[in-house]
Amino acid sequence: MFKNIFLVCTLLMGMNMFAQNESDASSITKEADVPFATIENVPVYPGCEGSDNMILKKCMSENIARVVSENFDMKLVKSLDLKPRKYRIAVQFKIDKTGNVVDIRSRADHEMLEAEAIRVVSLLPQMRPGKQRGQEVGVLYALPIIFEVEPSAKAERRLKRKKSGN
C-alpha cells in the first residue's frame, strides 16, 4: 500500500517555551543560553552573509529546512504504517558557544520518528555562534517537523464507495 507523504519543515523563531521579553534578555548572564527570538546577533549558517539579523534568520531557516527535507528518511515513515493525518515532531536544540549543534531533543508519536529527527538535526554543520552583549552564547532553537500521511488510493476508493452507498 503506497502512501503519499509530504514533509514540511519550518523553523519557529519564537516558541512560547523559549520566549522572553527584552528586559529579560538584558538580564541574561554570559553563561546563560539565549532564545533565538531574543538574541542580539544570531548564529550564522555557513554561506549566509550580511549584518541584518532578519536576513540571517531567514537564510538559516531556509538552510535548516533544506537539510531536514533532503535527509529525513521518508521510507521510515512509510514503514511505520501510520494512519492518514498530519504528524508533528517537535525538535529542540542548541547552537553552543563554539557553533556546534548540541543538546538535541525531540518529541513525537513514535520513538523511531524522534530518533530520526535527532539524526537529521545532528547533520547540521558548525555555525558561527550567536552573540549577546558582545559575548558568544548558546542559542536555543525550536524546530517543528510536520508531515502528512495521505490515504492510499485503495483506501480512498473504498471511502468513496462507502459514501456513495455502493
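About the cut-offs
- Throughout, a residue's number is its position along its own chain's written sequence, starting from 1.
- Per-residue local features of the predicted model are confined to residues with pLDDT of at least 70, and side-chain atom pairs are confined, for both listing and counting, to 80 or more; whole-chain, interface and lining totals are unaffected and use all residues.
- Only hydrogens and water are set aside when side-chain values are computed; all heavy atoms of the structure are taken into account.
- Only DSSP runs of H or I covering at least 4 residues are called helices, and only runs of E covering at least 2 are called strands; the numbering of each starts at the N terminus.
- By disulfide we mean two sulfur atoms from cysteines, separated by a distance within 2.5 Å.
- A 1.4 Å probe rolled over the protein chains alone gives each residue an accessible area, and that area as a share of the maximum for its type sets the label: buried under 20%, exposed over 50%, partly exposed in between.
- Here, a salt bridge means any side-chain nitrogen of Lys or Arg that lies within 4 Å of a carboxyl oxygen of Asp or Glu.
- Any pair of residues with heavy atoms lying within 4.5 Å of one another is described as a contacting pair.
- Here, a strand pair is defined by DSSP locating no fewer than two bridges between the strands.
- A helix is expected to reach a length of 1.5 Å times the quantity of its residues less one.
- Note on definitions: angles span 0 to 180 degrees between N-to-C directions of axes, and those axes are lines fitted to C-alpha atoms, for helices only across the stretch in contact.
- Angular relationships are summarised with four words: roughly parallel below 35 degrees, roughly antiparallel beyond 145, roughly perpendicular across 65 to 115, and oblique for the angles in between.
- A clockwise turn of the near helix away from the far one marks a right-handed crossing, whereas an anticlockwise turn of less than a right angle marks a left-handed crossing.
- Amino acid classes used here: Ala, Val, Leu, Ile, Met, Phe, Trp, Tyr, Cys and Pro are nonpolar; Asp, Glu, Lys and Arg are charged; the rest, including Gly, are polar.
- Nitrogen and oxygen atoms within 3.5 Å of one another constitute a polar contact, given that in protein one can donate a hydrogen and the other can accept it, and given that sequence-neighbouring residues count only through two side-chain atoms.

(A) Fine view of unusual backbone geometry. One non-glycine residue, Asp103, lies in the positive phi region at around 50°. Structurally, Asp103 can be placed in strand E4 (residues 101–107). The phi dihedral of Arg133 is positive, around 50°, even though this residue is not glycine. Checked against the element boundaries, Arg133 lands in the loop between strand E5 (130–132) and strand E6 (135–137).

(B) Seen up close, the state of the cysteines. Applying the stated rule across the entire model yields one disulfide. Paired through a disulfide, Cys48 and Cys59 show a sulfur-sulfur distance of 2.0 Å. Looking along the S-S bond of the Cys48-Cys59 disulfide, the torsion reads about -85°, which is the left-handed sense. Of this pair, Cys48 sits in the loop between strand E2 (34–35) and helix H2 (53–71) while Cys59 sits in helix H2, placing them eleven residues apart in sequence. Residue Cys48 is classed as buried on the basis of its relative accessible area of 8%.

(C) Molecular detail of the pattern of salt bridges. Under the defined criterion, the tally for this structure stands at six salt bridges. Of the charged contacts, one joins Lys58 and Glu62 as a salt bridge, the two residues approaching to 3.6 Å between their closest N and O atoms. On the criterion of helical spacing, the pair formed by Lys58 and Glu62 is a turn pair, its members being four residues apart in helix H2. Accessibility expressed as a relative area gives 47% for Glu62, which makes it partly exposed. Through salt bridges that share partners, Asp33, Lys94 and Asp103 make up one connected network.

(D) Structural detail: the environment of Arg107. Structurally, the position occupied by Arg107 is in strand E4. Remark: the alpha-carbon pair of Arg107 and Ile89, spanning 18 residues in sequence, is separated by 5.7 Å. Beyond its immediate sequence surroundings of up to four residues, Arg107 is in contact with Arg88, Ile89, Ala90 and Glu114.

(E) View of the pairing of E4. Sheet topology places strand E3 (residues 85–95) next to E4; five bridges connect them, and they run antiparallel. For Ala90, the partnering residue across the bridge sits in E4 and is Arg107. Linkage of E3 to E4, two consecutive antiparallel strands, is achieved through a turn of five residues, within which Gly99 is found at a positive phi near 90°.

(F) Summary view of H2. A rise of 1.5 Å per residue sets the reference length of H2, with its 19 residues, at 27 Å; its end C-alpha atoms lie 27 Å apart and thus fit the reference within 8%. Where H2 is concerned, the buried positions are Leu56, Lys57, Cys59, Met60, Ser61, Asn63, Ile64, Ala65, Val67 and Val68.

(G) The packing of H2 against helix H4 (residues 111–121), seen in detail. Following both chains from N to C, one finds H2 and H4 inclined at 125°, their axes separated by 9 Å at the closest point. Relative to H4, the element H2 lies oblique. The way H2 lies across H4 gives a crossing that is right-handed. In this structure, H2 uses Val67, Val68 and Asn71 to contact H4, whose residues at the interface are Glu116, Arg119 and Val120. Here the residues of the contact of H2 with H4 sort into three nonpolar, one polar and two charged.

(H) Summary view of the environment of Arg105. Here Arg105 is to be found in strand E4. When the C-alpha positions of Arg105 and Gln92 are compared, they lie 5.2 Å apart, and in sequence the two are 13 residues distant. Not counting residues up to four positions away in its chain, the partners in contact with Arg105 are Ala90, Val91 and Gln92. Within the structure, the side chain of Arg105 is placed 2.7 Å from the side chain of Gln92, a separation counted as a polar contact.

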